[in-house]
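# Observations on the three-dimensional arrangement
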Amino acid sequence: MKIAIGSDHGGFRLKGEVIEHLKLKGIEVKDFGTLTESSCDYADYAIQVAEAVVTKQFDFGILICGTGIGISIAANKVPGIRAAVCADTFSAHATRQHNDANILAMGERVVGTGLALDIVDTFLSAEFEGGRHTTRIDKIADIEKKYNR
Ligand code: RB5
């Protein structure tokens, strides 16, 4: 499994913890930045990770900012990206099962490291259920097409 990860300054510290965690588990991870704690713009990292995932160079993406919200909104502008902000393991599991989410977003100012790592493990181990959920995801793609994104 290959993971693309990125953050702004608000998610920089947690990004480092997640990278360390994934490496210890033997999971390949590429850090798309930011590489310092200096203030920066989350969209610059969201697009890099989103494009890496949507082009299938990576299996999943992980994006972290202060809340997880701005960086997920930006990633979701890339057609084919389904980025889900999660602050609990139930949602992390459900968004893989039901939404086939391909990017996990989290907020460093929202979740502690222990919970964040559990969320990561849950997200990466859950599987899309298909069936009726495929119909629903297809309708999301139809919305993208309607607005020519
Ligand atoms: C940065 O201060 C903060 O606005 C950003 O990390 C994020 O929380 C935005 O949604």
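Residues numbered from 1 in each chain as written. Predicted model: local features only at pLDDT ≥ 70, side-chain atom pairs only at ≥ 80, totals over all residues. Heavy atoms only, no water.

The name recorded for the protein chain in an unreviewed UniProt entry is Ribose 5-phosphate isomerase B, from Clostridium yunnanense. Under Sequence similarities (unreviewed entry), UniProt gives the following word-for-word description of the protein chain: "Belongs to the LacAB/RpiB family." (UniProt positions renumbered as here; feature names shortened; annotations may be inferred.)

### Remarks on the pairing of strand S1 (residues 2-7)
With respect to burial, S1 is a largely interior element, five of its six residues being buried. The pairing of S1 with strand S2 (residues 28-31) spans four bridges and is classified as parallel. Looking at S2, one finds that Ile5 is bridged to Asp31. Read as a crossover between parallel neighbours, the route from S1 over helix H1 (residues 12-24) to S2 is right-handed. For S1 and strand S3 (residues 60-65), the ladder comprises five bridges, and the chain directions are parallel. (Buried < 20%, exposed > 50% of the residue type's maximum accessible area, 1.4 Å probe, protein only. Helix = DSSP H or I, 4+ residues; strand = E, 2+ residues; numbered from the N terminus. Pairing = 2+ DSSP bridges. Right-handed = clockwise from strand over helix to strand, strands pointing away.)

### Overview of the site of the ligand
The immediate surroundings of the ligand are formed by Asp8, His9, Tyr42, Cys65, Gly66, Thr67, Gly70 and Arg109. Within the backbone of Thr67, an N or O atom sits 3.0 Å from an oxygen atom of the ligand. Here an oxygen atom of the ligand and a backbone polar atom of Gly70 are 2.9 Å apart. When isolated, the ligand has an accessible area of 300 Å², and the protein chains bury 71% of it. For the shell around the ligand, a count of residues per class yields two nonpolar, four polar and two charged. (Near = heavy atom within 4 Å. Polar contact = N/O pair within 3.5 Å; in protein donor to acceptor, adjacent residues only side chain to side chain. Areas by Shrake-Rupley, 256 points an atom, 1.4 Å probe, with all protein chains shown as cover. Nonpolar A, V, L, I, M, F, W, Y, C, P; charged D, E, K, R; others polar.)

### Notes on the nonpolar core
In this structure, Val18, Leu22, Ile62 and Met106 are the most contacted members of the largest nonpolar core, which totals 24 residues. The set of elements that each furnish at least two residues to this core consists of S1, H1, S3, strand S5 (103-107) and helix H5 (113-125). Of all the elements, H5 adds the most residues to this core, at six residues. Each residue touching Met106, except ones within four places of it in the same chain, is listed here: Leu14, Val18, Ile62, Leu63, Ile64, Cys65, Thr67, Gly68, Cys86, Ala116, Ile119 and Val120. With 18 residues, the next largest nonpolar core counts Ala50, Ala75, Ile81 and Ala105 among its residues. (Core = buried A, V, L, I, M, F, W, Y, C linked by side-chain atoms within 4.5 Å. Contact = heavy atoms within 4.5 Å.)

### Let's talk about the sheet that holds S2
The five strands lie next to each other as S2-S1-S3-S5-S4, forming an open sheet whose pairing is parallel. Edge strands, defined here as strands with exactly one partner in the open sheet, are S2 and strand S4 (83-85). Within the sheet, the average angular offset between the axes of one strand and its neighbour, ignoring direction, is 25°. Relative to the sheet, H1 contacts S1, S2, S3 and S5, its axis offset from that of S1 by approximately 165°. (Axes fitted to C-alpha atoms, helices over the stretch in contact; angles between N-to-C directions.)

### Focus on H5
Taking 1.5 Å of rise per residue, the 13 residues of H5 would be expected to cover 18 Å, and the 18 Å separating its terminal C-alpha atoms lies within 8% of that figure. Buried within H5 we find Ala116, Leu117, Ile119, Val120, Thr122, Phe123 and Leu124. Buried-residue contacts for H5 involve S1, H1, S3, helix H4 (89-99) and S5. (Expected span 1.5 Å × (residues − 1).)

### Details of the packing of H1 against H5
Running from amino to carboxyl end, H1 crosses H5 at an angle of 50°, the nearest separation of the two axes being 10 Å. Here H1 lies oblique to H5, going by the angle between them. In the packing of H1 onto H5, the handedness of the crossing is right-handed. Judged by residue contacts, Arg13, Leu14, Glu17, Val18, His21 and Leu22 of H1 engage Thr113, Ala116, Leu117, Val120, Asp121 and Leu124 from H5. Classifying every residue of the contact of H1 with H5 gives seven nonpolar, two polar and three charged. (Parallel < 35°, antiparallel > 145°, perpendicular 65-115°, else oblique. Left-handed = near helix turned anticlockwise from the far one by under 90°.)

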